[in-house]
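# Per-entry structural report
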Amino acid sequence: MNAPQNITPARELKLHQIRVGRMSLRVARWPGPKTRTPILLFNGIGGNFELLDPFVQALGDVEVISFDMPGIGGSSAPPYPYRMSTIARLAVHVLKKMGHERADALGISWGGAAAQQFAHSAPSRCRRLVLCATMAGSPIAWPASPGVLWKLLSPTRYLKPGYMEQHAGRLYGGRFRWDKQLARDYASRIKKPSRAGYLLQLNAITGWTSALWLWRLRQPTLILAGSDDPICPPLNGHILAKLIPNSRLEVLDEGHLFVVAQPHIAAARVRAFLDGEHVGASPQATQKPWSAAMHADGPGATS
């Protein structure tokens, strides 16, 4: 039997353990050409960077740098509570340790708040900004339902065997509602966070808001939202697009974790934006019908 053709080999992952003050951070680097700006990737609450590997693989040859938040994955617990501004400072240290002065920031969910903070706190280090399934924080964010919020207050979905598969559809929406294998694959990449680390992430974003300074961001910004997102309803994407001057919004017919459920579709949107010379205006909603999205994700998928 002939070997399969045109299979893209998995990207090399290099792990680093770096010290920043009293903390030890586990950093991932997927190498890429030095001629292009790397992506600094901020993950969601409680998530280790392995959870986003399918998305990183789909991004192609661009260098991607990510790190586990304090107390999450392979990073040590912080000696004290921190705020989102602390994460922005840690990101600057990580970026410099990896040999870069500047990056394109990409944040997902909780990580979208961290990416906003990074772009605001260190504007000279952020070329472009990509915000996925995220919000501007209180008091203008449109919240999830009480039942979903209650589940997010605990790291149980990362700690209890079988919990992710059972509740992923209700939590994340989209393809997770019917694709049990997707939920199993996602759960298989989990590195259990410490309860303290998870609670400190919750504490960091409690009361946080970007509403007071989003209008000052000058980075070209792509906002991606899922039309079936129980955690971050798509109205939040419209709010961000109204407040960030040089931004555009694209709504995908997916759930909260569209970067995991449809990595090639999401990656194609991100690469097109980061590689483009102009941002400009675009339609406020760009949806892919469920009938196409269900089977569109593969090596040859396009946006």
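Right above here is the structure, for reference.
The structure presented is a predicted model; accordingly, all values stated were derived computationally and were not measured.

Let's shift gears to the environment of Ser76. Note on placement: Ser76 falls in the loop between strand 4 (64–67) and helix 2 (84–97). Judged by relative accessible area, which is 28%, Ser76 ranks as partly exposed. Setting aside residues no more than four positions away along its own chain, Ser76 makes contact with Met23, Ser24, Pro70 and Gly71.

So, on to the sheet that holds strand 2 (residues 23–30). The eight strands lie next to each other as 1-2-4-3-5-6-7-8, forming an open sheet whose pairing is mixed. Edge positions in the open sheet fall to strand 1 (14–20) and strand 8 (247–252), since each of these has one partner strand only. Each strand of the sheet is rotated relative to its neighbour by a mean of 20°, with strand direction disregarded. With four bridges joining them, strand 3 (residues 39–42) and strand 5 (residues 103–108) adopt parallel strand pairing. Bridge pairing in strand 5 links Ile39 to Asp104. Where helix 9 (residues 235–243) meets the sheet, its contacts fall on strand 6 (126–132), strand 7 (221–226) and strand 8, and the angle it forms with strand 8 comes to roughly 165°. Against the sheet, helix 11 (residues 263–275) touches strand 3, strand 5, strand 6, strand 7 and strand 8, its axis set at about 155° to strand 6.

Within the secondary structure layout, Phe118 lies in helix 3 (residues 110–121). Given a relative accessible area of 0%, Phe118 falls into the buried group. Taking the C-alpha atoms as reference, Phe118 lies 9.5 Å from Thr86; in sequence the two are 32 residues apart. When sequence neighbours within four positions are dropped, the list of residues in contact with Phe118 reads Leu40, Phe42, Ala88, Ala91, Val92, Leu95, Ala105, Pro123, Arg125 and Cys126.

Attention shifts here to the pattern of salt bridges. Two side chains bearing opposite charge may form a pair once their charged atoms approach each other closely. Using the criterion set out here, one finds 14 salt bridges in the structure. One salt bridge in this structure joins Glu165 and Arg184, with 2.8 Å as the shortest N-O distance. Taken together, the residues Glu165 in helix 6 (residues 163–172) and Arg184 in helix 7 (residues 180–188) connect sequence positions 19 residues apart. By relative accessible area, Glu165 is classed as partly exposed at 28%.

The subject of this paragraph is the side chain of Asn236. Following the sequence through the fold, Asn236 ends up in helix 9. Relative accessible area serves as the criterion here: at 1%, Asn236 is assigned to the buried category. Setting aside residues up to four positions removed in sequence, Asn236 forms contacts with Thr134, Met135, Ala141 and Trp142.

By volume, the largest pocket amounts to about 760 Å³. In terms of lining, the largest pocket is formed by 35 residues, of which the most central are Met135, Leu149, Leu152, Ile205 and Ile231. Broken down by secondary-structure element, the contributors of at least two residues to the lining of the largest pocket are helix 3, helix 4 (146–152), helix 5 (156–159) and helix 8 (195–205). When its residues are assigned to classes, the lining of the largest pocket shows 24 nonpolar, ten polar and one charged.

Applying the stated criterion across every chain yields a total of two cavities of 30 Å³ or more. When its volume is computed, the second largest cavity comes out at roughly 40 Å³. Contributing to the lining of the second largest cavity are Leu131, Ala133, Thr134, Ile223, Leu224, Ala225, Asn236, Gly237 and Leu240. Looking at the lining of the second largest cavity, the elements with two or more residues in it are strand 7 and helix 9. Looking at the lining of the second largest cavity, its residues break down into six nonpolar, three polar and no charged.

With that settled, consider the pairing of strand 7. Strand 7 sits mainly inside the fold: six of its six residues count as buried. Burial along strand 7 is two-sided: the residues Thr221, Ile223 and Ala225 and Leu222, Leu224 and Gly226 are all buried. Of the strand pairs in this sheet, strand 6 and strand 7 are connected by four bridges, and their pairing is parallel. Among the inter-strand pairings, Leu131 is bridged to a residue of strand 7, identified as Ile223. Pairing of strand 7 with strand 8, which is carried by six bridges, proceeds in the parallel orientation.

Among the nonpolar cores identified, the biggest contains 95 residues, and Phe42, Phe67, Phe118, Tyr172 and Phe176 are the most heavily contacted of them. Broken down by element, the residue count for this core peaks at eight residues, all from helix 2.

A few words now on the pairing of strand 1. Both faces of the sheet carry side chains from a regular strand, because those side chains alternate between them. As paired elements, strand 1 and strand 2 share seven bridges and run antiparallel to each other. What sits directly across from Gln17, in strand 2, is Arg26. Between the end of strand 1 and the start of strand 2, which pair antiparallel, lie two residues, with Gly21 showing a positive phi angle near 65°.

The next subject is helix 11. An ideal rise of 1.5 Å per residue puts 18 Å on 13 residues; helix 11 measures up with 18 Å between its terminal C-alpha atoms. Looking only at helix 11, the buried set comprises Pro263, Ile265, Ala266, Ala267, Arg269, Val270, Arg271, Phe273 and Leu274.

Conventions and cut-offs
- Residues numbered from 1 in each chain as written.
- Predicted model: local features only at pLDDT ≥ 70, side-chain atom pairs only at ≥ 80, totals over all residues.
- Heavy atoms only, no water.
- Helix = DSSP H or I, 4+ residues; strand = E, 2+ residues; numbered from the N terminus.
- Buried < 20%, exposed > 50% of the residue type's maximum accessible area, 1.4 Å probe, protein only.
- Contact = heavy atoms within 4.5 Å.
- Pairing = 2+ DSSP bridges.
- Axes fitted to C-alpha atoms, helices over the stretch in contact; angles between N-to-C directions.
- Salt bridge = Lys/Arg side-chain N within 4 Å of Asp/Glu carboxyl O.
- 1 Å grid on protein atoms, 1.4 Å probe; cavity = no way out; pocket = protein on both sides within 12 Å on 5 of 7 lines; lining within 4 Å.
- Points joined across faces, edges and corners; volume = space filled by probe spheres on them.
- Nonpolar A, V, L, I, M, F, W, Y, C, P; charged D, E, K, R; others polar.
- Core = buried A, V, L, I, M, F, W, Y, C linked by side-chain atoms within 4.5 Å.
- Expected span 1.5 Å × (residues − 1).

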